[in-house]
Amino acid sequence: MQEYVSRADFYRLQPALVKGLQSTQEAVAASGIEPGLIHLVFLRASQLNGCAFCQRMHAEEARGDGERQARLDVLPAWRESPGFSERERAALAWTEALTLLAESEVDQALRDRMKASFSLEEQLSLTSLVVVINGWNRIVLSCGFRPEIDER
């Protein structure tokens, strides 16, 4: 693979893959998972994967949809931060467990936590979201996409 693949080239050369990932994301959005929670899941997985492009994009989208910067600032420390609901905490724990699957265990306590906060359909939707963002993170990192950052 060449040193850098542009986003435009990836979209042009892999339109079916892009469409598939986008379709999954759209299906989840239509399932009733609140947009703010989707942003938190996408941003947290991108943080864990070290994907600067996706971190920048999802933080900007979250702010655009009304997310407070103070919550985004402490997202990596969500366990110690009082500003997250139990539903968000369950989703973030699920995101971390699935993103770090080789390092962590998806145990019954975590499944029970998810069951307490989400319907079965929502649990499957959240799982699909984590799959999608982890897929995007791997594509972005392997292609070398770089975030646009204003140097001011």
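The rules behind these values
- Residues numbered from 1 in each chain as written.
- Predicted model: local features only at pLDDT ≥ 70, side-chain atom pairs only at ≥ 80, totals over all residues.
- Heavy atoms only, no water.
- Helix = DSSP H or I, 4+ residues; strand = E, 2+ residues; numbered from the N terminus.
- Rg over C-alpha atoms; globule rule 2.2 N^0.38 Å.
- Buried < 20%, exposed > 50% of the residue type's maximum accessible area, 1.4 Å probe, protein only.
- Contact = heavy atoms within 4.5 Å.
- Lys, Arg positive; Asp, Glu negative; His and termini not counted.
- Charge placed at Lys NZ, Arg CZ, Asp CG, Glu CD.
- Polar contact = N/O pair within 3.5 Å; in protein donor to acceptor, adjacent residues only side chain to side chain.
- Arc of directions from axis to C-beta.
- Salt bridge = Lys/Arg side-chain N within 4 Å of Asp/Glu carboxyl O.

Novice: I'd like a rundown of the overall build of the protein, residues and numbers included.
Specialist: When helices and strands are tallied, the protein shows eight helices and zero strands. The order of helices and strands in the protein, counted from the N terminus, is α-α-α-α-α-α-α-α. The C-alpha radius of gyration of the protein comes to 16 Å, within 12% of the 15 Å expected for a compact globule of 152 residues. Its C-alpha atoms give the protein principal-axis dimensions of roughly 45 × 35 × 30 Å. Scored against the burial criterion, the 152 residues of the protein give a buried share of 41%. Partitioning the contacts of the protein with sequence separation of at least 6, the portion at a separation of at least 24 is 68%. Taking the average location of the 17 positive side-chain charges in the protein and that of its 22 negative ones, the two points are 1 Å from each other.

Novice: Before we move on, can you summarise the side chain of Asn134 with the specific residues and values?
Specialist: Among the secondary structure elements, Asn134 is positioned in helix α8 (residues 120–143). The class for Asn134 is buried, based on a relative accessible area of 8%. A polar side-chain atom of Asn134 sits 3.0 Å from a polar atom in the side chain of Thr99. Once residues lying within four places of it in the same chain are set aside, the contact partners of Asn134 are Ala45, Asn49 and Thr99.

Novice: Could you give me a rundown of the environment of Ile139, with the residues and numbers involved?
Specialist: Among the structural elements, Ile139 can be located in helix α8. Overall, the relative accessible area of 14% leaves Ile139 in the buried class. Put simply, Ile139 and Leu75 are 64 residues apart on the chain and 23 Å apart in space, counted from C-alpha to C-alpha. Ignoring anything within four residues of it in the chain, the contact list for Ile139 reads Phe10, Leu17 and Leu21.

Novice: Help me get a handle on helix α7 (residues 108–117), residues and values and all.
Specialist: Where α7 is concerned, the buried positions are Leu110, Met114 and Ser117. Along the axis of α7, the buried residues cluster in a sector spanning 70°; they form a single face. The outward face of α7, more than 90 degrees from its buried face, is lined by the exposed residues Ala109, Lys115 and Ala116. Residues of α7 that are buried in the fold lie against α6 (86–99) and α8.

Novice: I'd like to hear about the pattern of salt bridges, residue by residue, with values.
Specialist: All told, the structure shown has nine salt bridges when counted by the stated rule. Between Asp9 and Arg12 there is a salt bridge, with the nearest N and O atoms lying 3.1 Å from each other. Of the two residues, Asp9 and Arg12 both sit in helix α1 (residues 7–13), three residues apart, roughly one turn of that helix. Given the relative accessible area of 26%, Asp9 is considered partly exposed. Judged by its relative accessible area of 56%, Arg12 is exposed. A salt bridge links Arg71 to Glu88; its shortest N-O distance comes to 2.8 Å. Linking Arg71 in helix α5 (residues 69–73) with Glu88 in helix α6, this pair joins segments that are 17 residues apart in sequence. For the residue pair Arg71 and Glu88, the accessibility class agrees, reading buried in each case. One network of salt bridges, in which partners are shared, links Glu34, Arg87 and Glu122.

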